[in-house]
Amino acid sequence: MAVARAPRPAEPDGELAELIQIALDVAGSLEPREVIARILERGLHALHADRATLSSLVDQHVVIEATYGRAGALTWVGQRYSLDYFAGQPLVKKAIDTMQPTFGGRLAIDQAAPEFRQALAEVQHVAVLPLVHGGRVIGMLVLSRYQDRPFRAADLAPLTLLGAISGLALRNARLYEEGEAARKRADETTARLRAAVEAAEDVASQVQLDQVLGRLLQRAVASVGADGASVARLEGTEMVLESTTSGEGIGTRWPIVPRVLAEAKKGRPAELSAGEYTGAPEGLESIVQPFRRFLVAPLAVGGETIGLLALGRFRDEPFDPAAVQSLQQLSTLGALLLRNARLIAQAQDAERAKSEFMSIAVHELRAPLTVTGGYLEMVLEGGFGELPKGLADVLTIAQRKTEEAKALADELLTVARLEGRALTARSDRFALHDVVREAVTRARPRAELVKGAIKTEAGADLAVKADRAMVGKILDNLLNNALAYSDHSPTVSIAIHREGEWVALSVSDDGIGVSALDQGRIFARFARGTDQRVLEKPGTGLGLYLSRGLAEQMGGSLTLASSRPGKGSTFVLRLPPG
């Protein structure tokens, strides 16, 4: 019995095998230039051509990606031509219009660009493969033969396969390039944002207005590669220079260059050359003349332009657009920080003026109080004769109230000096026990008046490095409060101990205590507790405020360690050890 044998499958010819290898090569890489190079080189040999050129169609233009010849030179051309240019090349136009491969002889040399005429003169036959993706032509592959060997129907299959491979490769190359470009832009944007945030953090680390201005200028100069800069605040159509890197012109007032003003109103930076920087007023030339290129960015907060940031270069070179964008991000954050610094400066000026007024007012108040107190004392001591009992009682009350007013004036004067930074703490070494003993002696008459007791717990004889008078003032305030704010005969305890790196002095009482609502505000100026029993007692609300300020002036602290309504409070004064 005869058994029929199935015919052996035909092996692919050499050209097809090489095209398949090209497809595998394409799938193995996403680097556009590498993929294009493989297509051109191997496609040229597979179809026995002498030159291959791959082009992209972008926005009605043909962009030549690369051309490759048998000599092995792979040339990246990158030239752009309008599609109208190919109207004089029927083969090319037909391939693009029909989206099908076309064969033919020479291209029209007289219609070609001058740079291609010499190369086209050697061409005998051409195959044009349109690269189609998504129903439209995205590029074309042109194969040329220099010998009189025309492309035939048998070449159509490998040409079509090569066109499909090339179209897919070109599409992938574009997507890869777009993705890489997007990633690069994202990285650059992230880097610019990071730099802007770091610059803003650096500027924000300063508190004083002049420091904020200085750091803002330093960072702005570095961000765009400038040689000098200035910041000005806007007042109508004029600007007032607040800070310059050269230190010139600070505080001077100038009209704003019209073009800069127009761009600032739109919230956009203005870049000008020296020739365009016209209208610089007389007197500003010395600041402007050294520079050949300018960039002026508005500083805006909440839609309001509060200033101008001007940068200059000694050389006439345009600013990099990416650097300008980075400057805009810095300007946005810088404007907010600058506005806050200005508000802080205004508040500090107002606080300073208030402290100065308080100091002057208290000085003026103390003089008549001293005179009044002196005369009252002389009268009560019989310097003007014997007084009727009723009048003596009235004058005694007047004398006591005068002394209270003088004590209040002294306290207000101390507050004014503290807030005006006119109060300087001494740094003496002394035993804390001695100051406590003196304070207890001063407080004992008041304790006896309210039938209270002051206890001093035995402890280590610790020395501190502080201002003795200030420590005594703090203790006086704490003891007076402890004795005053109680609804029974109070007991006050004073203890000294070491607490880490500090020497701690605690003053505890069993009085009415501080409510949870009041604990966060009792150290504020003129603040008093809201408990009715507190409000019934005389007081200014300055004692704890002044005491904490004095403690901090000496490098220490004063805190409310604990308090329970009806159970008393414990305040702790911490001072540097001596």
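For the structure itself, consult the block above.
Just so we're clear, the structure is a prediction, and the values are computed from it rather than from any experiment.

Pulling in residues and values, what's your account of the overall build of the chain?
Along the chain, the regular secondary structure elements total 14 helices and 20 strands. Within the chain, contacts between residues at least 6 apart in sequence are counted, and of these 59% link residues at least 24 apart. Carbon and sulfur atoms make up 54% of the accessible area of the chain, which totals about 30,600 Å².

How would you explain the packing of helix α12 (residues 468-484) against helix α14 (residues 543-553) if you had to name every residue and give the values?
As a packed pair, α12 and α14 sit with axes 9 Å apart at the nearest point and diverge in direction by 150°. Judged by the inter-axis angle, α12 sits roughly antiparallel to α14. The element α12 and its partner α14 pack so that their crossing is left-handed. For the pair α12 and α14, the contacting residues are Met470, Lys473, Ile474, Asn477, Leu478 and Asn481 in the first and Gly543, Leu544, Leu546, Ser547, Leu550, Ala551 and Gln553 in the second. Class assignment of the residues belonging to the contact of α12 with α14 gives a composition of seven nonpolar, five polar and one charged.

For the sheet that holds strand β18 (residues 502-509), give the residues involved together with the corresponding values.
Read from one edge of the open sheet, five strands run β15-β17-β18-β20-β19, paired in mixed fashion. Because the sheet does not close on itself, it has two edges, and the strands there are β15 (453-456) and β19 (557-564). The sheet shows a mean angle of 20° between the axes of neighbouring strands, taken without regard to direction. Packing against the sheet, α14 makes contact with β19 and β20 (568-575), and its axis sits at approximately 135° to β19.

Outline the pairing of strand β2 (residues 61-69), listing residues and values.
Of all nine residues in β2, eight are buried, a share of seventy percent or more. For strand β1 (residues 51-58) and β2, the ladder comprises eight bridges, and the chain directions are antiparallel. Looking at β2, one finds that Thr53 is bridged to Thr67. Hairpin remark: β1 followed by β2, antiparallel, with two residues in the connecting loop; positive phi at Asp59, about 50°. Strand direction decides the pairing type here: β2 and strand β4 (residues 80-82), joined by three bridges, are antiparallel. Paired with Val63 across the two strands is Arg80, which belongs to β4.

Now, about the pattern of salt bridges: what can you tell me, with residues and values included?
In total, this model carries 20 salt bridges according to the counting rule given. In this structure, the salt-bridge partner of Glu235 is Arg253, at a minimum N-O distance of 2.6 Å. Highlighted residues: Glu235 in strand β8 (residues 228-235) and Arg253 in strand β10 (residues 253-255), separated in sequence by 18 residues. Using a relative accessible area of 33% as the deciding quantity, one classes Glu235 as partly exposed. By sharing partners, the salt bridges in this structure join Arg233, Glu235, Glu238, Glu242 and Arg253 into a single network.

Describe the pairing of strand β9 (residues 238-244), naming the residues involved and giving the relevant values.
Burial of β9 is extensive: six of the seven residues sit out of reach of the surface. Where β8 meets β9, six bridges bridge the pair, whose relative direction is antiparallel. When the bridges of β9 are listed, Ala232 appears paired with Leu241. Where β8 hands over to β9, the hairpin turn is made up of two residues, of which Gly236 adopts a positive phi near 70°. Looking at chain direction, β9 and β10 are connected through three bridges and run antiparallel.

An account of the packing of aromatic side chains is needed here, citing residue identities and associated values.
One pass over the full model with this rule turns up four aromatic pairs. With centroids separated by 6.3 Å and ring planes inclined at 70°, the aromatic side chains of Phe291 and Phe294 adopt a geometry described as edge-to-face. The burial state of Phe291 is the same as that of Phe294; both residues are buried. Three or more aromatic residues joined by ring pairs form one cluster here, namely Phe291, Phe294 and Phe314. Over the face of the ring belonging to Phe151 we find Arg145, whose NZ or CZ atom lies 3.9 Å from the ring centre. Sitting above the plane of the Phe319 ring, Arg313 keeps its charged end 4.2 Å from the centroid.

Can you explain unusual backbone geometry? Please cite residues and give values.
In this structure, Asp59 takes a positive phi of about 50° despite not being glycine. Mapped onto the fold, Asp59 is located in the loop between β1 and β2. Phi at Lys451 is positive, roughly 60°, even though this residue is not glycine. Residue placement: Lys451 occurs in the loop between α11 (432-449) and β15. When its relative accessible area of 66% is taken as the criterion, Lys451 is described as exposed.

Cut-off values and rules
- Residues numbered from 1 in each chain as written.
- Predicted model: local features only at pLDDT ≥ 70, side-chain atom pairs only at ≥ 80, totals over all residues.
- Heavy atoms only, no water.
- Helix = DSSP H or I, 4+ residues; strand = E, 2+ residues; numbered from the N terminus.
- Contact = heavy atoms within 4.5 Å.
- Areas by Shrake-Rupley, 256 points an atom, 1.4 Å probe, with all protein chains shown as cover.
- Axes fitted to C-alpha atoms, helices over the stretch in contact; angles between N-to-C directions.
- Parallel < 35°, antiparallel > 145°, perpendicular 65-115°, else oblique.
- Left-handed = near helix turned anticlockwise from the far one by under 90°.
- Nonpolar A, V, L, I, M, F, W, Y, C, P; charged D, E, K, R; others polar.
- Pairing = 2+ DSSP bridges.
- Buried < 20%, exposed > 50% of the residue type's maximum accessible area, 1.4 Å probe, protein only.
- Salt bridge = Lys/Arg side-chain N within 4 Å of Asp/Glu carboxyl O.
- Phe/Tyr/Trp six-rings, centres within 6.5 Å; stacked < 30°, edge-to-face > 60°.
- Lys NZ or Arg CZ within 6 Å of the ring centre and 35° of its normal.

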